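Structural characterization, general
The residues making up each chain are set out below.
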Amino acid sequence: MSAEGKIILWFNEIGKDDVPVAGGKGANLGELERLGTPVPPGFVVTAGTYHRFLEHAQLSDVIRRFLDNLNVDDSEKLEIASSRIKKLILSAEMPQDVAKEIAAAYRALGEALVAVRSSATAEDLPEASFAGQQSTYLNILGEEHVVSAVKHCWASLFEPRAIFYRTHQQYDHLSVGIAVPVQKMVQSEASGVMFTLEPVSNDPTKMVVEAILGLGEAIVSGAVTPDLYVLDKASLTILERRVALQDWKLVRNPGSTEALETNTRVALSDEERSRQKLTDQEIQELAAMGKLIEAHYGVPQDIEWAREGGRFYVVQTRPVTTMGAGESVQVGRRGEMTGKLLLSGSPASPGVNSGPVKVIFSAGQISEIEDGDVLVTASTNPDFVPAMKRAVAIVTDKGGRTSHAAIVSRELGIPCVVGTETGTKVLKNRQMVTVDGTWGKVLEGVLAIKSTQPTKRSAVKIKTRTKLFVNLAEPELADTIAKRDVDGVGLLRAEFIVAHIGEHPRYAISQGRSEQFVQKMTEGLLKFATAFNPRPVVYRTTDFKTNEYRNLKGGQLYEGEEENPMIGYRGAARYVNDLEVFSLEIEAIKRVRRRYKNLWVMIPFVRTVKELVETKKVLSSNGLRRSKTFQLWMMAEVPSNVFLLDQFLDVGIDGVSIGSNDLTQLILGVDRDNPKLAEVFDERNPAVLMAIQHIVTTCRSRGITCSICGQGPSVYPELTRRLVEWGATSVSVSPDMIDDTRRIIADAERLQGRGAKERNAARPIAILQRG
């Protein structure tokens, strides 16, 4: 029987030319075994077996009917079609001889724990194009469960993302096959990936190794940040090392009762969290293996590896994928654009876009920004907002991921790279560049079609006990975001509204335009209250800093220059010292509340208990008193709020929202906009976590609503999990993280429901990763 007609092929029967039969993954594993590379033993259920299964079950015509004329841009219809096709495949009977041969091959492997992986293939389509679209199942035990996992891999060829991709790439759905490698599990003490060139700059003289503790799916999914080691390829000298903190590792869960959900997260000790994952000798041993593999294939390789019992194994290799005709453009294993690197900085807002550079140095030049430009400037403030809305990407010299540019770009859904230090000097007007906001890079030329942040949508609403709110500022986005699966607005910032008004409130008063100022604020707030009604909209009263107020029309007449505006004249201090200006804002709030009772108020940057008392008195005297329909919240973002929390709560408020941006910088003494200190600014620092935990648990014990509205949960999903465990009543995130955060919250709540009592308690999870 030819290879094409076989149900099963062992790794030693196949090589790199057998991609149409064994898939890229299976073919490469066979090739590596021939080379003598340590590869866990296994076999491949061939792509032909998959096609035979469809024919036996008479599914091809049915599947085609589901997919013909399907609008894959309609996420709800796409999800429905995917669900129906997968259900058909999983419910169909596998031919008896196929099931028997898979079971026999599994027995020949010693009936050990195995990994069952997907490997989509088509003769004219490189496998890397399918990366991440199909499923992988780890630690599968027993004949019946292995056969079931194979069917689940077949079904995963019709995941929504896979259907979407093939449709847009104009590939026939039923011409694409899927092979399924079944391989003895390596219970990894450490695992990771290795590139036989430096993947950012494509430098072939260097190699990069990434490593974590535990099973490798945690690094592939991006759930854990790995150690990074850069080596000189010729001498294997270690040129650079970055040791990352790791809170947990993924291991087999022997107590799992779910056949396909067999792994668990285990918390690491303090010593394990901070140690280097591989010794220098192990790094060099692994790199030497990578050099041999690259030499064999003749092209740079992207290699997945694992270590068990002190021995390294290779579990996958693929060539680094080249894209474009005539362009030196590549995509790294995690999807980042690579080419000629012009500039790098901190990734602030995900996505990739190309366009002409327009460098400006002040808000007075924003009229120069045209639709489609890449806005390059030192830093942004609220006056830049109109120009930011016209730009396809933003690059700044200064700032971190909590800077104005970062926060606004995420809300607008455009790529942003901050803290480049030299962007305004290196980049020239009209120069064509590509901005990769996911990986913090600016590349030469047009390497991407217009492709801003991918917007994730969940077809099914997930119910959670912990409410999910969204952070917003742009009135034009209110209607769109209100249609998403959110429970309200947890942070409504005033900056877009005030920037649109364009003048300092005191200057408006001096010019007799108080009514116009109030009316414009009312119009802006109404858009949010209307769109989200009856869901709450928590409005943070204006928190402009002195330098931001100075930039408004007439601002220099009323605002001095401060050495450090971050800790200057801002927040509650302004309200109690400038009642005339605060009264304009209060009037706008009252006008909105006459029509919509879902608008609440949150007071920012409250340094002292006295400031909160005085601010509350001003609101009450103007008719804004706590009631069943009006809640008063306070931001907790100053260390005094942590130490004196009970005294602040005794003043009488309904809720506390943690401003993790300011709280982190004030606890750590870090300027959050200083790119040189970007690595220090981290909400996961133990001191910051202690403060946040104290706020949440104290509020919970006193029956006070507790939320968070800083950027932390939008950047670090593990922070969201901890907030749920500690008892936060809600989490508020940027729009791009809505669906992901809802799933994270639901996952954390399920964990609690199973009786978990500690953070990072062991729990079974399904591993659905790339094929």
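Summary of the structure given here. (Residues numbered from 1 in each chain as written. Predicted model: local features only at pLDDT ≥ 70, side-chain atom pairs only at ≥ 80, totals over all residues. Heavy atoms only, no water.)

A few words now on the overall build of the protein. Along the backbone of the protein there are 28 helices and 34 strands. Counting all 771 residues of the protein, 58% fall into the buried class. In the protein, of all internal contacts separated by at least 6 residues, the share reaching a separation of at least 24 is 68%. About 30,900 Å² of surface is accessible on the protein, with carbon and sulfur atoms providing 49% of the total. (Helix = DSSP H or I, 4+ residues; strand = E, 2+ residues; numbered from the N terminus. Buried < 20%, exposed > 50% of the residue type's maximum accessible area, 1.4 Å probe, protein only. Contact = heavy atoms within 4.5 Å. Areas by Shrake-Rupley, 256 points an atom, 1.4 Å probe, with all protein chains shown as cover.)

Attention shifts here to the pattern of salt bridges. Under the counting rule described, the total for this entry stands at 41 salt bridges. Taking the shortest distance from any N to any O, the salt bridge between K6 and E13 comes out at 3.3 Å. One salt bridge in this structure joins R591 and E587, with 2.9 Å as the shortest N-O distance. One end of the pair is R591 and the other is E587, both in helix α20 (residues 579-593) and 4 residues apart, which spans about a single turn. (Salt bridge = Lys/Arg side-chain N within 4 Å of Asp/Glu carboxyl O.)

Ordered by their spatial adjacency, 8 strands build an open sheet running β32-β31-β30-β29-β28-β27-β26-β33, and the pairing between neighbours is parallel. The two strands at the open ends of the sheet, each matched to only one other strand, are β32 (705-708) and β33 (730-733). On average, each strand axis in the sheet is tilted by 30° relative to the strand beside it, whichever way the strands run. (Pairing = 2+ DSSP bridges. Axes fitted to C-alpha atoms, helices over the stretch in contact; angles between N-to-C directions.)

Before going further, it helps to examine the packing of aromatic side chains. All told, the structure shown has 7 aromatic pairs when counted by the stated rule. Between F544 and Y549 the ring centres are 5.2 Å apart and the planes differ by 45°, which places this aromatic pair in the tilted class. As far as the burial class goes, F544 and Y549 line up, both buried. Ring centres of W600 and W633 lie 6.2 Å apart, and the angle between their planes is 50°; on these two criteria the pair is classed as tilted. Separated by 33 residues along the polypeptide, W600 in strand β29 (residues 599-603) and W633 in strand β30 (residues 632-636) bring together distant segments of the chain. With relative accessibility at 15%, the residue W600 sits in the buried group. Look at W633 and you get buried, because its relative accessible area is 1%. (Phe/Tyr/Trp six-rings, centres within 6.5 Å; stacked < 30°, edge-to-face > 60°.)

One open sheet accounts for 6 strands, arranged β10-β9-β8-β7-β13-β14; its pairing is antiparallel. Strands at the two margins of the open sheet, each flanked by one partner only, are β10 (238-242) and β14 (311-319). Taking each pair of neighbouring strands and ignoring which way they run, the sheet shows an average axis angle of 20°. Where strand β8 (residues 206-213) lies against strand β9 (residues 227-232), 6 bridges are found, and the strand directions are antiparallel. For K206, the partnering residue across the bridge sits in β9 and is D232. The sheet strands contacting helix α10 (residues 280-297) are β7 (190-195), β8, β9, β10, β13 (301-308) and β14, and the helix crosses β14 at an angle near 40°.

Moving on: the packing of helix α1 (residues 19-35) against α10. At a minimum axis distance of 11 Å, the contact between α1 and α10 shows a crossing angle of 110°. Accordingly, the angle class assigned to the pair α1 and α10 is roughly perpendicular. Mapping the contact onto sequence places N28, E31, L32 and L35 in α1 and L292, I293, H296 and Y297 in α10. Along the lines of polarity and charge, the residues of the contact of α1 with α10 split into 5 nonpolar, 2 polar and 1 charged. (Parallel < 35°, antiparallel > 145°, perpendicular 65-115°, else oblique. Nonpolar A, V, L, I, M, F, W, Y, C, P; charged D, E, K, R; others polar.)

Two elements in contact, helix α17 (residues 514-532) and α20, have axes whose closest approach is 8 Å; the angle formed by their N-to-C orientations is 45°. The angle between α17 and α20 places the two elements in the oblique class. The element α17 and its partner α20 pack so that their crossing is right-handed. Note on element contacts: α20 touches α17 through L584, E585, E587, A588, I589, R591 and V592, opposite S514, E515, F517, V518, Q519, M521, T522, L525, L526 and A529. (Left-handed = near helix turned anticlockwise from the far one by under 90°.)

It is worth spelling out the nonpolar core at this point. Within the largest apolar cluster, 83 residues are counted, with the highest numbers of intra-cluster contacts made by L525, F532, I692, I695 and L723. Dropping the residues within four chain positions of it, I692 is found in contact with I658, L663, L719, L723 and W726. Listed in part, the 43 residues of the second largest apolar core include I7, V116, I140 and V150. (Core = buried A, V, L, I, M, F, W, Y, C linked by side-chain atoms within 4.5 Å.)

End to end, helix α6 (residues 143-155) covers 19 Å across 13 residues, agreeing with the expected 18 Å (1.5 Å per residue, within 8%). Looking at α6, one finds that the buried residues are V146, V147, A149, V150, K151, C153, W154 and A155. (Expected span 1.5 Å × (residues − 1).)

Okay, the pairing of β7 next. Most of β7 is tucked away, with 6 of its 6 residues classed as buried. Of the two faces of β7, the one holding A190, G192 and M194 and the one holding S191, V193 and F195 are both buried throughout. One ladder, built from 6 bridges, connects β7 with β8; its direction is antiparallel. Opposite A190, over in β8, you have L213 as the bridge partner. Direction of pairing for β7 relative to β13: antiparallel, over a ladder of 6 bridges. The partner of F195 across the bridge, within β13, is D302.

The next subject is the side chain of T464. Take T464: it is sitting in the loop between β25 (441-444) and β26 (467-472). On the basis of relative accessibility, which here comes to 17%, the residue T464 falls in the buried class. Of the polar contacts made by the side chain of T464, one reaches the backbone oxygen of T466; its length is 2.7 Å. Among the polar contacts made by the side chain of T464, one reaches the side chain of R742 at a distance of 2.7 Å. (Polar contact = N/O pair within 3.5 Å; in protein donor to acceptor, adjacent residues only side chain to side chain.)

Keep in mind these values describe shape, not function.
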